[in-house]
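# Architecture and fold: a report
Read off the chains here:
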Amino acid sequence: MYTGHLAAGLLIKSYAPKVKCWPILLGVGWLDILDGLFIVLGANLVTPDLKSGPYLFFDLTFIDWDHSLLMAAFWSAAWGALFWRNRMTAVLAGLASFSHFLLDWPMHNFDLALFPHSSEHIGYGLWGKWGTWSWVAEGLFDVLLLVIARRNFAARRVSLTWPLVVMTVAFFNLSPWLSPMKHVATLPEPATHILHGILVTSGFLLPGLLLSWLVDRAQSTSAASNPTA
Ligand SMILES: [Zn+2]
């Protein structure tokens, strides 16, 4: 899952106006930010496979150091702990991070281990089973979450227009036709895994920071024009 994680972040943030945006919006991508780094460093292993699903074009052969159940719980707790000075931020940041594992489960092709090097793997495999339709399903899931988030923000007179523009661009950018991974999967090693890792990390780092900035800006614009709200 890709944009579904960011949509989940905006939904969580919509219920928590007083909590800072970036711990949540980087939190939802934290496991993949790590994943990309571990792929570049060679601790994780990805294998080009143009039939693997709608937009990734890689098999996630070994991603246990960030995307196993045990490590997802560990890294989520670690991410939340960074914000220990504010209990609500810490809880929501940790929750945002663990939501990544829960939302990956329906999509991933049986590559989510229970713990590093466990032979037991989970994932419902919609990427492989539904192909392009799994990308469509993710889009519908995004719409559902974003309609609720937009309503919550609108109740506080905060406009979600620009974040929704970014979400739309991100959704079509990682589509079966435009995904940069399709080209990356055809490159020789080591370029293929290094570029894959860089794209995964930056694919969550940059939109997470951009969305945080846009939401913060929309909140302060709203506060300035409605000082009593
Ligand atoms: Zn993931």
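What you are looking at is a predicted structure, and each value in this text was computed from that prediction instead of being measured. (Residues numbered from 1 in each chain as written. Predicted model: local features only at pLDDT ≥ 70, side-chain atom pairs only at ≥ 80, totals over all residues. Heavy atoms only, no water.)

Let us look at the overall build of the protein chain. A count of helical and extended segments in the protein chain gives eleven helices and four strands. Based on the C-alpha atoms only, the size of the protein chain along its principal axes is roughly 55 × 35 × 30 Å. Scored against the burial criterion, the 229 residues of the protein chain give a buried share of 53%. For the protein chain, the share of sequence-separated contacts (at least 6 apart) that also reach a separation of at least 24 residues comes to 67%. Side chains of the protein chain carry 13 positive and 13 negative charges; the gap between the two charge centres is 20 Å. (Helix = DSSP H or I, 4+ residues; strand = E, 2+ residues; numbered from the N terminus. Buried < 20%, exposed > 50% of the residue type's maximum accessible area, 1.4 Å probe, protein only. Contact = heavy atoms within 4.5 Å. Lys, Arg positive; Asp, Glu negative; His and termini not counted. Charge placed at Lys NZ, Arg CZ, Asp CG, Glu CD.)

Bringing the packing of aromatic side chains into the picture now. The full count for this structure, using the stated rule, is 15 aromatic pairs. Ring geometry for Y2 against F204: centres 5.1 Å apart, planes inclined by 85 degrees, an arrangement best described as edge-to-face. Of this pair, Y2 sits in the segment before α1 (3-14) while F204 is found in helix α11 (residues 191-225), placing the two residues 202 residues apart along the sequence. When sorted by exposure, Y2 lands in the same class as F204, which is buried. On the basis of an interplanar angle of 70 degrees and a centroid distance of 5.1 Å, the ring pair of F74 and W75 is categorised as edge-to-face. F74 sits in the partly exposed class, given a relative accessible area of 46%. Here a set of aromatic residues connected by ring pairs shows up, and it is made of W22, W30, F38, F74, W75, W79 and F83. Above the face of the Y124 ring, K129 is positioned so that its terminal group lies 3.6 Å from the ring centre. When the ring centre of W213 is taken as reference, the NZ or CZ atom of R217 above it lies at 5.1 Å. (Phe/Tyr/Trp six-rings, centres within 6.5 Å; stacked < 30°, edge-to-face > 60°. Lys NZ or Arg CZ within 6 Å of the ring centre and 35° of its normal.)

Time to look at the coordination of the zinc ion. The protein atoms donating to the zinc ion are D32 (OD), H67 (NE2), H100 (NE2) and D104 (OD), with metal-donor distances spanning 2.1 to 2.8 Å. Each of the four donor atoms around the zinc ion contributes to a set of angles spanning 74 to 162 degrees, which defines the coordination as irregular. The sequence motif formed by the donor residues of the zinc ion is D-x34-H-x32-H-x3-D. One end of the pair, D32, is in helix α3 (residues 30-41); the other, H67, is in helix α4 (residues 64-67), and 35 residues separate them in sequence. Assigned by exposure class, D32 and H67 land together as buried. (Donors = N, O, S within 2.8 Å, 3.2 Å for Na, K, Ca; no water. Tetrahedral: all angles 85-135°; square planar, octahedral: opposite > 155°, others 65-115°.)

Take helix α6 (residues 87-107) next. Taking 1.5 Å of rise per residue, 21 residues should cover 30 Å, and α6 covers 31 Å from first to last C-alpha, within 8% of that figure. You can read the cap of α6 off the contacts: a side-chain oxygen lies 3.1 Å from the backbone nitrogen of M88, and it is on N86. (Expected span 1.5 Å × (residues − 1). Polar contact = N/O pair within 3.5 Å; in protein donor to acceptor, adjacent residues only side chain to side chain.)

What follows covers the side chain of S14. Within the secondary structure layout, S14 lies in helix α1. A polar atom in the side chain of S14 sits 3.0 Å from the side chain of N152. Not counting the four nearest positions on each side in its chain, S14 is found in contact with A149, N152, F153 and R156.

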